[in-house]
Amino acid sequence: MIPWSMRAVNVLKPAPYAKVMSALSSLIIRSQDSINQLAGATGAAHLITRNGGLHVYRSEAAFKAKLQALPYWEKHGISVKILNGADARALEPALADNVIGGLYFPESGRCSDPKELGLHYFRYLLQNGAQFLQSAFLGVETDLNSILQVVLPGQRLSAAKVVMATGHSTDRLLQRHGFKSALVAERGYHLMMSEPGVSLSRPVVFGEAYFAATPMDKGLRFAGTAEFCRPDAPPNMQRSHMLQQLAKQYIPGLTAAPGQPWMGVRPSLPDGLPAIGKVASQPGLFYAFGHAHNGLTTSAITAQCVSSLIDGREPPIDIKPFDYNRFSHSAN
Ligand SMILES: Cc1cc2nc3c(=O)[nH]c(=O)nc-3n(C[C@H](O)[C@H](O)[C@H](O)COP(=O)(O)OP(=O)(O)OC[C@H]3O[C@@H](n4cnc5c(N)ncnc54)[C@H](O)[C@@H]3O)c2cc1C
C-alpha cells in the first residue's frame, strides 16, 4: 500500500489539487442549506447561525501564502473578502493590534452546540419510529439467502439496507468487502472556556498556528492540532492547554483561567475527501465516513447523498469522487 503521507503529498500537485478542491467545494457549498433543512425539521434551527467566519494573520508571509488559494475559492463560488488589520478588528474587537490582515468568509455558518444538534436529531428519529440499540458493531455479513446480517456481539440483525458510518473503524470493517485500507486516525484537541474574559461574534481561525476559536452557547471553544497515532492511545491534554497560550498571541484579553480539555479522532483520508457510496459487491450495503476536519459541516449533505442512494434516487451532487474504491486496485 502506498503510505498515507505520500498520497497526501501527491494531492498537493496542481492537477489532483484542483480535482480535490472541486469535489470538496461541491459538498461545502451545499452544506449550509442542508444543515438548515435538517435543523429546521428537527427543531434545532436556533443552534445554527450564519454570520461569517474569519481567518486572521500576524505575519505577511503566512497571509500571502494563504492568498494563493483565492483563485480556487473564486472558481468554486466561495465568497471571500480580503481585510487589513483594522477591518479585522472592526469585525472582532478582541483581536490584537499585531493582526495585520485577514480573510472574511461572509457565507460561513456555525453551530453553537454540536452535542445539542445531535440530540435534536436523535430525539426526532425516536419520535418518528427509529429504534436505538447501543452495541459494538463487528461488521456486515450475509446469510445463506444473501440477506444482510449486522453482526453484534452475541447477536445478528437481518437488514435490507445497512449504512456503515462508524468513523475511523469503518475502514477496517470494509476491508472484508474488498476495499484497501487508506484511512488514518488524525486526533484533534479542543479547550472549552466557559468564562474566557473576551467575546467573539463568529469563528476565527488563527492563520499561522492553524486552529480556531468558536463562540458557543457554553463559552469559547479553541480547537485544532493534528496528532497521528493509534486512535485509542492515551490523550495528551497538554495539546489542549497549549491552544490557550497560542490564542493569547491573537486575543490578548483571554483569561488565564483553566478550560475543559477534550480529544477526538478525525477519520482522515489522504486526499482530504470523505468516502460516500455503496459496496458494489454487496447490494444494500452503503458507507459514509472519512470526513476528517469537515464532518460536522458536511454531515447533512452527506446524509442527503446516502438517503438518495438507499432510495435509488440520484444524489444531490456528483458522488463519484467519494467512491472508496479510489484507493483500491482490487476489483470490488
Ligand atoms: C478537535 C476537533 C475539532 C473539530 N472541529 C470540527 C468543526 O469545527 N467542523 C467540522 O465540520 N468538523 C470538525 N471536526 C471533525 C468532526 O468531528 C469529524 O469529521 C466527525 O466527527 C466525523 O464523524 P463520523 O460520524 O464519521 O465519525 P465519529 O465522530 O468518529 O463517530 C463514529 C461513531 O461510531 C462509533 N463507533 C466506531 N466504531 C464502532 C464499532 N465498531 N461499534 C460501535 N460503534 C462504533 C464511535 O464510538 C462514534 O460514536 C473536529 C474534530 C476534532 C477532533
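**Quick word on helix α2 (residues 14–41)**
Working step 1: With 28 residues, α2 should cover 40 Å at 1.5 Å per step; its first-to-last C-alpha distance of 41 Å lies within 8% of that length.
Working step 2: The largest bend in α2 is about 40 degrees, located at S31.
Working step 3: In this structure, the buried side of α2 is in contact with β1 (48–49), α4 (70–75), α6 (114–127), β15 (275–278) and α9 (299–311).
Working step 4: Residue G43 follows α2 closely and has a positive phi angle near 75 degrees.

**Some points on the domain arrangement of the protein**
Working step 1: Along its sequence, the protein is carved into domain 1 (1–51 + 111–183 + 269–332) and domain 2 (54–108 + 193–260).
Working step 2: The C-alpha centroid of domain 2 is placed 28 Å from the C-alpha centroid of domain 1.
Working step 3: At the junction of the two partners, domain 1 supplies 17 residues and domain 2 supplies 17 residues.
Working step 4: For the pair domain 1 and domain 2, the summed buried surface comes to about 1,400 Å²; carbon and sulfur atoms form 54% of the total.

**Here we look at the packing of aromatic side chains**
Working step 1: The full count for this structure, using the stated rule, is 13 aromatic pairs.
Working step 2: Taken together, a centroid distance of 5.0 Å and an interplanar angle of 85 degrees make the contact between F122 and F132 edge-to-face. With F122 in helix α6 and F132 in the loop between α6 and β6 (139–142), the pair connects residues that are 10 residues apart, well separated along the chain.
Working step 3: One Lys or Arg, R58, reaches over the ring of Y250 and ends 4.8 Å from the middle of that ring.

**What to know about the site of the ligand**
Working step 1: Around the ligand, the structure places 19 residues, and the nearest of them are F137, S169, A292, L296 and T297.
Working step 2: Taking F137, its main chain carries an N or O atom lying 2.8 Å from a nitrogen atom of the ligand.
Working step 3: If you list the elements that add at least two residues to the shell around the ligand, you get β10 (184–193) and β14 (260–268).
Working step 4: For the shell around the ligand, the element with the highest residue contribution is β14, accounting for 4 residues.
Working step 5: Here the shell around the ligand is composed, by residue class, of 7 nonpolar, 11 polar and 1 charged.

What counts and what doesn't
- Residues numbered from 1 in each chain as written.
- Predicted model: local features only at pLDDT ≥ 70, side-chain atom pairs only at ≥ 80, totals over all residues.
- Heavy atoms only, no water.
- Helix = DSSP H or I, 4+ residues; strand = E, 2+ residues; numbered from the N terminus.
- Expected span 1.5 Å × (residues − 1).
- Bend = angle between axes of the 7 residues up to and from the residue.
- Contact = heavy atoms within 4.5 Å.
- Domains from an automatic or database assignment.
- Buried area = accessible area lost by both parts, 1.4 Å probe.
- Phe/Tyr/Trp six-rings, centres within 6.5 Å; stacked < 30°, edge-to-face > 60°.
- Lys NZ or Arg CZ within 6 Å of the ring centre and 35° of its normal.
- Near = heavy atom within 4 Å.
- Polar contact = N/O pair within 3.5 Å; in protein donor to acceptor, adjacent residues only side chain to side chain.
- Nonpolar A, V, L, I, M, F, W, Y, C, P; charged D, E, K, R; others polar.

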